[in-house]
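Structure at a glance
In case you want the letters, here they are:
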Amino acid sequence: MSSETLPAFIESSNVERKQSLSEEQEKSQKPRLGEGFEPISKRQMKKLIKQKQWEEQRELRKQKRKEKRKRKQLERQCQLESNSDGNDRKRIRRDVVHSTLRLIIDCSFDSLMVLKDIKKLHKQIQRCYAENRRALHPVQFYLTSHGGQLKKNMDENDKGWVNWKDIHIKPEHYSEFIKKEDLIYLTSDSPNVLKELDESKAYVIGGLVDHNHHKGLTYKQASDHGIDHAQLPLGNFVKMNSRKVLAINHVFEIILEYLETRDWQEAFFTILPQRKGAVPTDKACASSSHDKNSASVEGGLDSDSSDEENSRNELDSQYEEEKQDKENSSESTVNSIPH
């Protein structure tokens, strides 16, 4: 190799060496697959896309909220202008006449119920409170012996109960602040039947959801404490296909309805659920006598077919009774006529 070509060869080899070194540096700087870099899954990609869309639409949502507030303000303003007396709710509340009758739910049976039944009792109390607030003749509502499982459940699931209005919630037993001669315990086992409500009295409803596990307990408690007791006149006005057992809120609502209408039959048929199959007693008696007459005529014509029909009816009635027992097992055994 000549002396002239030697410097050129050295220079070209140096350039090649520099290029190879730069390529190696670039490769080393690029992250290798699995080293410091993890591929994004489809689920993560969807989350990122949704997050991006959420951020992009933030201003749009803000604008929609403003428009909604303005629309509500305009609606309220139009409503106030259209009502000469102002707010409708306030006008209705002025027509309310409060009753002096005291209606007490006795919650002293807390230890006899499981949590599932405590929750049912809580819901029935909520219904009573709501109905009393809406009633035209609201009663003086008392919740006594309030504590234990019931209070804990209300604290956990209904924190707003501490702000309830027009209700007296007391941890004490009702006998501690109401005179014995003013008390009347409403119990299904009482032989006494109410004819009318005395608004100077305090009527007690047993707060017990027990699925008939403690029959006669409220009647026994009233008798042991020397408290007057009675049952609603259900049997005088109503004939039902199912067992005559009413839930706590049904008894409460029937009393509210009676205070408004002063008619037991209307109160019963307004409040009782359709599944009870309630009919007026006079219609039930007429239907029963008609069925008996038809059965006697058929029996005279064909005794064998009559016997077969009777046996079939007995099986049907047994099935109906079992079905009705299942339907009513969730209702409390309070304030109805004796079983």
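Computed from a predicted structure; not experimentally measured.

Rules used throughout
Residues numbered from 1 in each chain as written. Predicted model: local features only at pLDDT ≥ 70, side-chain atom pairs only at ≥ 80, totals over all residues. Heavy atoms only, no water. Core = buried A, V, L, I, M, F, W, Y, C linked by side-chain atoms within 4.5 Å. Buried < 20%, exposed > 50% of the residue type's maximum accessible area, 1.4 Å probe, protein only. Helix = DSSP H or I, 4+ residues; strand = E, 2+ residues; numbered from the N terminus. Contact = heavy atoms within 4.5 Å. Pairing = 2+ DSSP bridges. Axes fitted to C-alpha atoms, helices over the stretch in contact; angles between N-to-C directions. Salt bridge = Lys/Arg side-chain N within 4 Å of Asp/Glu carboxyl O. Parallel < 35°, antiparallel > 145°, perpendicular 65-115°, else oblique. Left-handed = near helix turned anticlockwise from the far one by under 90°. Nonpolar A, V, L, I, M, F, W, Y, C, P; charged D, E, K, R; others polar. UniProt positions renumbered as here; feature names shortened; annotations may be inferred. Expected span 1.5 Å × (residues − 1). Phe/Tyr/Trp six-rings, centres within 6.5 Å; stacked < 30°, edge-to-face > 60°. Patch = residues over 30% accessible without salt bridge, like charges linked within 9 Å, V, L, I, M, F, W, Y side chains within 5 Å. Areas by Shrake-Rupley, 256 points an atom, 1.4 Å probe, with all protein chains shown as cover.

Next up on the list: the nonpolar core. One finds Leu-197 and Ile-254 to be the most contacted residues of the largest nonpolar core, which totals 57 residues. Mapped by element, the contributors of at least two residues to this core are strand S1 (102-106), helix H5 (115-134), strand S2 (140-144), helix H6 (148-157), strand S4 (183-186), strand S5 (202-206), helix H9 (248-261) and helix H10 (264-271). Looking at this core element by element, the count peaks at eight residues for H9. Among residues more than four places away in sequence, those in contact with Ile-254 are Leu-232, Leu-246, Trp-264, Ala-267, Phe-268, Ile-271 and Leu-272.

The strands that make up a sheet pair up through hydrogen bonds in the backbone, lying either parallel or antiparallel. Taken together, six strands build an open sheet; the order of strands is S3-S2-S1-S5-S4-S6 and the sheet is parallel. Of all strands in the sheet, those with a lone pairing partner are strand S3 (167-169) and strand S6 (228-230), marking the two edges. In this sheet, adjacent strand axes meet at a mean angle of 25° when their direction is disregarded. Contacts between H9 and the sheet are confined to S1, S2, S4 and S5, with S5 contributing the most and set at about 160° to the helix.

Below, the discussion takes up the pattern of salt bridges. Summed over all chains, the structure comprises nine salt bridges. Among the ionic pairs, Arg-58 bridges to Glu-55, the shortest N-O distance being 3.0 Å. One continuous salt-bridge network, built from bridges that share partners, spans Arg-127, Glu-131, Arg-134 and Glu-253.

With that settled, the discussion passes to the packing of H9 against H10. Running from amino to carboxyl end, H9 crosses H10 at an angle of 135°, the nearest separation of the two axes being 8 Å. In terms of axis orientation, H9 runs oblique to H10. Our pair here, H9 against H10, has a crossing hand that is right-handed. Where H9 abuts H10, its residues His-250, Glu-253, Ile-254, Glu-257, Tyr-258 and Thr-261 lie against Trp-264, Glu-266, Ala-267, Phe-268, Thr-270 and Ile-271. Each residue belonging to the contact of H9 with H10 can be placed in one class, and the counts come to six nonpolar, three polar and three charged.

Let us now look at the UniProt feature "active site" (unreviewed entry) in the chain. When the UniProt feature table is mapped to this numbering, "active site" (unreviewed entry) covers Asp-210. Relative to the elements of secondary structure, Asp-210 occurs in the loop between S5 and helix H7 (217-224). Relative accessible area serves as the criterion here: at 2%, Asp-210 is assigned to the buried category.

This part covers H5. Compared with the 28 Å implied by 1.5 Å per residue over 20 residues, the 29 Å span of H5 between its first and last C-alpha is a close match. Within H5 the residues assigned to the buried category are Asp-117, Ile-118, Leu-121, His-122, Gln-124, Ile-125, Cys-128, Tyr-129 and Asn-132.

Further remarks concern the side chain of Gln-221. Tracing the backbone shows Gln-221 in helix H7. Aside from chain neighbours lying at most four places away, what touches Gln-221 is Asp-106, Ser-108, Phe-109, His-173, Tyr-174 and Tyr-185.

One pass over the structure, following the stated rule, counts seven aromatic pairs. Judged by centre distance (4.1 Å) and plane angle (15°), the ring pair of Tyr-258 and Trp-264 falls under stacked. The same class applies to Tyr-258 and to Trp-264, which are both buried. An aromatic cluster of at least three residues, connected via ring pairs, comprises Phe-237, Tyr-258, Trp-264 and Phe-268.

Phi is positive for Ser-145, close to 55°, though the residue is something other than glycine. In this structure, Ser-145 sits in the loop between S2 and H6. Although it is not a glycine, Arg-262 sits at a positive phi angle of roughly 55°. As for its position among the elements, Arg-262 is in the loop between H9 and H10. Using a relative accessible area of 43% as the deciding quantity, one classes Arg-262 as partly exposed.

This part is about a nonpolar patch on the surface. Judged by side-chain polarity, Ile-40, Met-45, Leu-48 and Ile-49 come together as a nonpolar surface patch covering roughly 370 Å² of accessible area. Structurally, the position occupied by Leu-48 is in helix H2 (residues 42-56).

For the pair H5 and H6, the least separation of the axes is 10 Å and the interaxial angle reads 65°. Relative to H6, the element H5 lies roughly perpendicular. For the crossing formed where H5 meets H6, the hand is right-handed. For the pair formed by H5 and H6, the contact residues are Leu-115, Ile-118, Lys-119, Leu-121, His-122 and Ile-125 on the first element and Gln-149, Leu-150, Asn-153 and Met-154 on the second.

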